[in-house]
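# Secondary and tertiary structure notes
What follows is the residue order along each chain.
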Amino acid sequence: MVQLSSLAAALAVGLLPNLAVAAGLHEAAVAKGKLYFGTATDNGELSDSPYLKQLGNTADFGQITPSNSMKWESTEPSQNSFSFAGGDAIADLAKTNGQKLRCHALVWHSQLPNWVSSGTWTNETLVAAMKNHVTKVATHYKGRCYAWDVVNEALNEDGTYRDSPFLKHIGEAYLPIAFAAAAAADPTAKLYYNDYNIESPGPKATAAAKIVKLIQSYGVKIDGVGMQAHLIVGSSPSESALSSTLSSYTSLGVEAAYTELDIRLKLPSTDAQLAQQSNDYRAVAAACIKNTDCVGITIWDWTDKYSWIPDVFPGEGAACPWDEKLVKKPAYAGLLAGLGGGSSTTTTTAGTTMTTTTSSAPPTSTGVAQKWEQCGGLHWTGPTVCVSGTTCQKQNDYYSQCL
Ligand code: XIL
């Protein structure tokens, strides 16, 4: 009988580790037990083909959220007349790409059609209109949403309830009523309360935890807290502040996610700001990784080209991990480091693939970088050769890309 050498035997059963590059943000997040790393997107952006291509890169994005087309003004522009074309386009894209879908948002004071915000309501008529909206929209998308942001931004900065037609005519009971209607319409979607400035300790974060308890006290299902995380370079919370706030929610028996992450700065951006931004992104990713009930992170679009920030915060911008030319910024490396990305070792044993990802610097590799991939930059030890038809172009000290 021929004796296999131990090397040949190892090769035969695939035991030898195969050093591979951790290809992207979603893959790094999944390697650490998260469900997804994802991004918001909007219907108008989908005609931009380089944009669409990277949006569908599931190494980076395993989840998408429509940034506008599932909101009340889009889905029910006049009473009981529903329009799902925009939301459906994003839901279909998620399905085609094999990405999870976060659905956003059922009840919110903003982007409400006039018939709701300026209508004449009684408690009874607004409860009926709100239940009808939640039921029809959640039923339409039944089975397709990993999660729904059921109520969005119900709080003021001091932790009191925000004035809205819902609070005014229904009182705080509008929250459990909305969650109950969503649970009845789509029993498998995770139901979230979602808000901003609830990522670090303070009266608003305390009030968000109280909302979880309020809904639970009604015996109604709530599954998660979404921390929008529209943060600011330089005043972004520390990793420990992020972690302790995250656990204040998950200790209530719900999951949590960063749902709209972006970190804006005063324009024009400087190298120092971009380096700080990278570290701020790293802290958010690391906080999520450390808490097993933090299921994922969604950035509020991945490129500055389509960021909402400059429209809403004049003089500010550059909030996303890719710039307006779709080139990765230092923030990308910060996210990847926070997610524990870097080199990964894949071992295949009799059909089972195990991937362990170390939190080291980028891997040493002799491979060829594909179009859009990194090919150089400070401390970069990955591939420096670009696939034919592209050249390695320096974008900044930290990043060169095959274009
Ligand atoms: C923003 C969209 O990105 C913009 O395109 C739109 O003009 C305004 O709304 N909190 C939320 C999101 O929950 O729905 C908001 O999205 C950003 C703040």
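Note that this is a predicted model, so its numbers are computed, not measured. (Residues numbered from 1 in each chain as written. Predicted model: local features only at pLDDT ≥ 70, side-chain atom pairs only at ≥ 80, totals over all residues. Heavy atoms only, no water.)

## Some thoughts on helix α10 (residues 203-217)
- With 15 residues, α10 extends 20 Å between its outermost C-alpha atoms, agreeing within 8% with the 21 Å of an ideal straight helix rising 1.5 Å per residue.
- All of the buried residues in α10 are Lys204, Ala205, Ala207, Ala208, Ala209, Ile211, Val212, Leu214 and Ile215.
- Of the residues trailing α10, glycine 219 is marked for its positive phi of about 75°. (Helix = DSSP H or I, 4+ residues; strand = E, 2+ residues; numbered from the N terminus. Expected span 1.5 Å × (residues − 1). Buried < 20%, exposed > 50% of the residue type's maximum accessible area, 1.4 Å probe, protein only.)

## Considerations on unusual backbone geometry
- The omega torsion across histidine 104 and alanine 105 is 0°, close enough to zero to call that bond cis.
- Position of alanine 105 relative to the elements: it lies in strand β4 (residues 100-108).
- Omega for the bond connecting leucine 267 with proline 268 falls within 30 degrees of zero, at -5°, which places this linkage in the cis form.
- With a phi close to 55°, glutamate 153 is a non-glycine residue in the positive phi region.
- Looking at the secondary structure, you find glutamate 153 in the loop between β5 (147-152) and α8 (165-170).

## Looking at the nonpolar core
- In terms of nonpolar packing, the biggest core is built from 96 residues, with Trp148, Val151, Tyr193, Tyr258 and Leu261 touching the most fellow members.
- In this structure tyrosine 193 touches Val151, Glu153, Ala154, Leu155, Leu175, Phe179, Ala208, Ile211, Ile222, Gly224, Val225 and Gly226, once residues within four positions along its chain are discounted.
- Among the nonpolar cores identified, the runner-up in size contains six residues, and Tyr146, Tyr192, Ala257 and Val295 belong to it. (Core = buried A, V, L, I, M, F, W, Y, C linked by side-chain atoms within 4.5 Å. Contact = heavy atoms within 4.5 Å.)

## Focus: the site of the ligand
- Taken together, 13 residues surround the ligand, and among them Asn68, Lys71, His104, Asn152 and Glu260 come closest.
- Histidine 104 places a side-chain nitrogen or oxygen 2.7 Å from an oxygen atom of the ligand.
- Its free accessible area being 420 Å², the ligand has 78% of it covered by the protein chains.
- Considering only residue class, the shell around the ligand consists of three nonpolar, seven polar and three charged. (Near = heavy atom within 4 Å. Polar contact = N/O pair within 3.5 Å; in protein donor to acceptor, adjacent residues only side chain to side chain. Areas by Shrake-Rupley, 256 points an atom, 1.4 Å probe, with all protein chains shown as cover. Nonpolar A, V, L, I, M, F, W, Y, C, P; charged D, E, K, R; others polar.)

## A look at the packing of helix α9 (residues 174-185) against α10
- Contact pair α9 / α10: the axes reach a minimum separation of 9 Å and the direction vectors enclose 65°. Regarding α9 and α10, the two cross each other, and that crossing is right-handed. Residues Leu175, Pro176 and Phe179 of α9 form the contact with α10, whose participating residues are Ile211, Leu214 and Ile215.
- Taken together, the residues that form the contact of α9 with α10 break down as six nonpolar, no polar and no charged. (Axes fitted to C-alpha atoms, helices over the stretch in contact; angles between N-to-C directions. Left-handed = near helix turned anticlockwise from the far one by under 90°.)

## A few points about the packing of aromatic side chains
- What the rule picks out here adds up to 15 aromatic pairs.
- Note on tryptophan 72 and tryptophan 115: the rings are 6.1 Å apart at their centroids and 65° apart in plane angle, and the pair reads as edge-to-face. Here tryptophan 115 lies in helix α6 (residues 114-117) and tryptophan 72 lies in helix α4 (residues 72-75), a separation of 43 residues in the sequence.
- Since its relative accessible area comes to 2%, tryptophan 72 is described here as buried.
- Here a set of aromatic residues connected by ring pairs shows up, and it is made of Tyr51, Phe61, Trp302, Tyr306, Trp322 and Tyr332.
- The ring of phenylalanine 313 is capped by arginine 264, whose NZ or CZ atom sits 3.7 Å from the centre of that ring.
- Across the ring face of tyrosine 332, the terminal group of lysine 328 is positioned such that the distance to the ring centre comes to 4.1 Å. (Phe/Tyr/Trp six-rings, centres within 6.5 Å; stacked < 30°, edge-to-face > 60°. Lys NZ or Arg CZ within 6 Å of the ring centre and 35° of its normal.)

## Re the confidence of the model for the chain
- Mean pLDDT over the chain: 89, with 85% of residues reaching 70 or higher.
- Here residues 1-21 is modelled with pLDDT under 50, and outside its nearest four sequence neighbours on either side it reaches 29 contacts, counting other chains as well.
- Overall, residues 343-366 carries pLDDT values under 50, and its contacts beyond four positions in sequence, including any with other chains, amount to 67 contacts. (pLDDT = per-residue confidence, 0-100.)

## Some details on the environment of aspartate 42
- Counting through the fold element by element, aspartate 42 comes out in the loop between β2 (36-41) and α3 (49-55).
- Take aspartate 42: its relative accessible area is 19%, and that puts it in the buried class.
- Spatially, the C-alpha atoms of aspartate 42 and glycine 86 are 8.8 Å apart, while their sequence positions differ by 44 residues.
- Excluding residues that lie within four positions of it along the chain, aspartate 42 makes contacts with Ser67, Asn68 and Ile90.

## Topic: the pattern of salt bridges
- Using the criterion set out here, one finds 10 salt bridges in the structure.
- Across the salt bridge formed by glutamate 239 and arginine 282, the nearest N and O atoms sit 3.2 Å from each other. Pair noted here: glutamate 239 is in helix α11 (residues 239-250) and arginine 282 is in helix α12 (residues 271-290), with a separation of 43 residues, a long-range link.
- Take arginine 282: its relative accessible area is 26%, and that puts it in the partly exposed class.
- As a salt-bridge pair, glutamate 316 and arginine 264 come within 3.1 Å of each other at their nearest N and O atoms. Of this pair, glutamate 316 sits in strand β11 (residues 316-317) while arginine 264 sits in strand β9 (residues 255-266), and the two are 52 residues apart along the sequence.
- With relative accessibility at 14%, the residue glutamate 316 sits in the buried group.
- One network of salt bridges, with partners in common, ties together Glu157, Asp195 and Lys204. (Salt bridge = Lys/Arg side-chain N within 4 Å of Asp/Glu carboxyl O.)

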